[in-house]
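# Summary of the model geometry
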Amino acid sequence: MFGLSLPTVPFLPFLSGGRSTPAGDAPLVLDRTSIDEIGRELDALREETLATLGEEDREYIYRIIKAQRGFEVAGRGLLFLGFLPPAWLAGVAALSVSKILDNMEIGHNVMHGQYDWMREPSLNSRVFEWDTVCPSDQWRHSHNYVHHTYTNILGKDRDIGYGILRMDPAQRWHPYYLGNPVYATALMLLFEWGVMLHDAEVERIVARKRSWRDVLPLAKGWWRKARRQVVKDYLAFPLLTGPLFVPTLLGNATANLVRNVWAYSIIFCGHFPSGVQSFTEEETAEETRGEWYVRQLLGSANITGTPLFHIMSGNLSHQIEHHLFPDLPAHRYPELAPRVREVCEKHGLPYNTGGLTAQVASVWKKIFLLALPPGWVRQEPEVRVVLERRETHPA
């Protein structure tokens, strides 16, 4: 576009993308019988879990809420002693844990309807509000509807790159993407604001496919919600600490930063490490139930860790199970994961999982590699799963 002629650089081994797989590997073809069987097996697993929801799940979410509130009270209380460095650090740590629990194990999961069966007004997915600048109704649209309906479908799932990043080789390269690592770092540090702006579809506005006028109703929601959050964290609570206004403001800002970096890392590790597969609109037209399940299996990745790690990740460390069963209580995912993995092994499907360090490294490697022109990168092909589809699907 800008008249640049960029040479290939085959002698740079660190520009080798993807996992090491033989160049001649043929795609794995999943036949119709297996696809339909996967659909029945996962449907049965979901129904089996639904039938056992009850007091244990109720007590679990109440314990998490109690813990979250306790950490917030402790964190805000310790910041009143912020003139003592240990108290300030402990206050920031407690407030960070509170915000992470609120956004991930409580907010994200409650707004998926995972606890609607309880008929508890404060846990109703349609009215729940969380401790972040993004209005919950806008998040439910961009995440629950758009992302979970069109998971990893290029051109439909806007979570692929969030409108600003190149996160899949199928996205056409442009010199703008040379800034991929910079944009990713900015999104990580300001993640709650990026999530807030997600529904604006800024890339479509830049391409003149959407008018700023269309964004005005969203902007009203941003103003109402962000104003409350900014006043709470950067004015009201700092003022309450009197002469410690600045240390308290910095403590609140640090807690929000910790939450942003943590949430970004967990979410990106569940969607963008090596081995996660994307799809075209043609490949996913008129999907059957089994095909939908397979798309979720192939388009997600898990992170291994301790029970505490899973809680702090909102159990999104089990992103595969979350995409399969978004409305089941997330604390059930660890018990479902071995059975989902058995289904994958039975039908020869990959089950993408790894430690946090490995998945984070894989994501950032992809961010850097996809910033470069395709001719600069020696892509090592990954094994792709192709679904055998019927010529026509029943209406």
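The structure under discussion appears in the preceding block.
Here's a quick rundown of the structure.

### Describing the packing of aromatic side chains
- One pass over the full model with this rule turns up 14 aromatic pairs.
- Geometrically, the ring pair formed by Trp292 and Tyr293 is edge-to-face, given 5.5 Å between the ring centres and 65 degrees between the ring planes.
- Given the relative accessible area of 0%, Tyr293 is considered buried.
- The interplanar angle of 50 degrees and the centroid separation of 6.5 Å between the aromatic rings of Trp364 and Phe368 together place this pair among those described as tilted. One end of the pair, Trp364, and the other, Phe368, are both in helix α14 (residues 356-369), four residues apart, so they sit about a helical turn from each other.
- Within the aromatic cluster, the residues linked to one another by ring pairs are Tyr162, Phe191, Tyr264, Phe268, Phe272, Trp364 and Phe368.
- A cation sits over an aromatic face here: Arg76 above Phe237, 3.9 Å from the ring centre.
- In this structure, Lys156 packs its charged tip against the face of Tyr150, placed 4.6 Å from the ring centre.

### What about empty space enclosed by the protein?
- The tally for this structure, following the rule as stated, stands at four cavities of 30 Å³ or more.
- For the largest cavity, the calculated volume is near 330 Å³.
- Surrounding the largest cavity, 23 residues form its lining, Trp130, Trp139, Phe191, Val195 and Ile267 being those nearest its centre.
- Only α3 (85-110), α4 (136-149), α6 (191-197), α9 (245-271) and α12 (319-324) provide two or more residues apiece to the lining of the largest cavity.
- Per-element tally for the lining of the largest cavity: the top contributor is α9, with five residues.
- Estimates place the volume of the second largest cavity at around 70 Å³.
- Looking at the second largest cavity, the residues that line it are Asn152, Ile160, Met167, Asp168, His271, Phe272, Val276, Gln277, Ser278 and Lys366.
- Looking at the lining of the second largest cavity residue by residue, the class counts come to four nonpolar, four polar and two charged.

### Side note on the nonpolar core
- Residues Tyr115, Leu123, Tyr162, Leu187, Phe191, Tyr264 and Phe268 are the most contacted members of the largest nonpolar core, which totals 46 residues.
- Taken together, the elements giving at least two residues each to this core come down to α2 (55-78), α3, α5 (180-189), α6, α8 (216-240), α9, α11 (307-312) and α14.
- Per-element tally for this core: the top contributor is α9, with six residues.
- Beyond its immediate stretch of four places on either side in the chain, Tyr115 contacts Asp57, Tyr60, Ile61, Val110, Leu123, Pro329 and His331.
- Core analysis: the next-biggest nonpolar cluster, separate from the first, contains 26 residues, Ile35, Leu42, Leu336 and Ala337 among them.

### Structural notes on the environment of Leu178
- In this structure, Leu178 sits in the loop between α4 and α5.
- A sequence separation of 105 residues divides Leu178 from Val73, and the C-alpha atoms of the two residues are 44 Å apart.
- Dropping the residues within four chain positions of it, Leu178 is found in contact with Trp173, Ala371 and Pro373.

### Some remarks on the packing of α5 against α14
- Between α5 and α14, the shortest axis-to-axis distance is 8 Å and the interhelical angle comes to 135 degrees. In this view, α5 runs oblique relative to α14, as classed from their interaxial angle. Two secondary-structure elements touch here, α5 through Asn180, Pro181, Ala184, Thr185 and Met188 and α14 through Trp364, Ile367 and Phe368.
- Here the residues of the contact of α5 with α14 are counted per class, giving six nonpolar, two polar and no charged.

### A short note on unusual backbone geometry
- A positive phi angle, close to 55 degrees, is found at Glu201, a residue other than glycine.
- Phi angles above zero are rare outside glycine, and Asn315 is one such case at about 60 degrees.
- In this structure, Asn315 sits in the loop between α11 and α12.

### A short note on the pattern of salt bridges
- According to the stated counting rule, one finds 24 salt bridges in the structure shown.
- Of the charged contacts in the structure, one is a salt bridge between Arg384 and Glu283, with a shortest N-O distance of 3.0 Å. Of this pair, Arg384 sits in the loop between β5 (378-379) and β6 (385-387) while Glu283 sits in the loop between α9 and α10 (289-298), and the two are 101 residues apart along the sequence.
- The exposure class of Glu283 is partly exposed, given its relative accessible area of 35%.
- The shortest N-O distance in the salt bridge between Glu335 and Arg332 comes to 3.4 Å.

### Things to note about the layout of surface pockets
- Estimates place the volume of the largest pocket at around 790 Å³.
- Forming the walls of the largest pocket are 25 residues, and the residues nearest its centre are Ile160, Gly163, Gln171, Tyr177 and Glu203.
- At the level of elements, α4 and α7 (202-206) are the ones that each hand at least two residues to the lining of the largest pocket.
- For the lining of the largest pocket, the element with the most residues is α7, which contributes three residues.
- When its residues are assigned to classes, the lining of the largest pocket shows nine nonpolar, seven polar and nine charged.

Thresholds, definitions, all that
Residues numbered from 1 in each chain as written. Predicted model: local features only at pLDDT ≥ 70, side-chain atom pairs only at ≥ 80, totals over all residues. Heavy atoms only, no water. Phe/Tyr/Trp six-rings, centres within 6.5 Å; stacked < 30°, edge-to-face > 60°. Buried < 20%, exposed > 50% of the residue type's maximum accessible area, 1.4 Å probe, protein only. Helix = DSSP H or I, 4+ residues; strand = E, 2+ residues; numbered from the N terminus. Lys NZ or Arg CZ within 6 Å of the ring centre and 35° of its normal. 1 Å grid on protein atoms, 1.4 Å probe; cavity = no way out; pocket = protein on both sides within 12 Å on 5 of 7 lines; lining within 4 Å. Points joined across faces, edges and corners; volume = space filled by probe spheres on them. Nonpolar A, V, L, I, M, F, W, Y, C, P; charged D, E, K, R; others polar. Core = buried A, V, L, I, M, F, W, Y, C linked by side-chain atoms within 4.5 Å. Contact = heavy atoms within 4.5 Å. Axes fitted to C-alpha atoms, helices over the stretch in contact; angles between N-to-C directions. Parallel < 35°, antiparallel > 145°, perpendicular 65-115°, else oblique. Salt bridge = Lys/Arg side-chain N within 4 Å of Asp/Glu carboxyl O.

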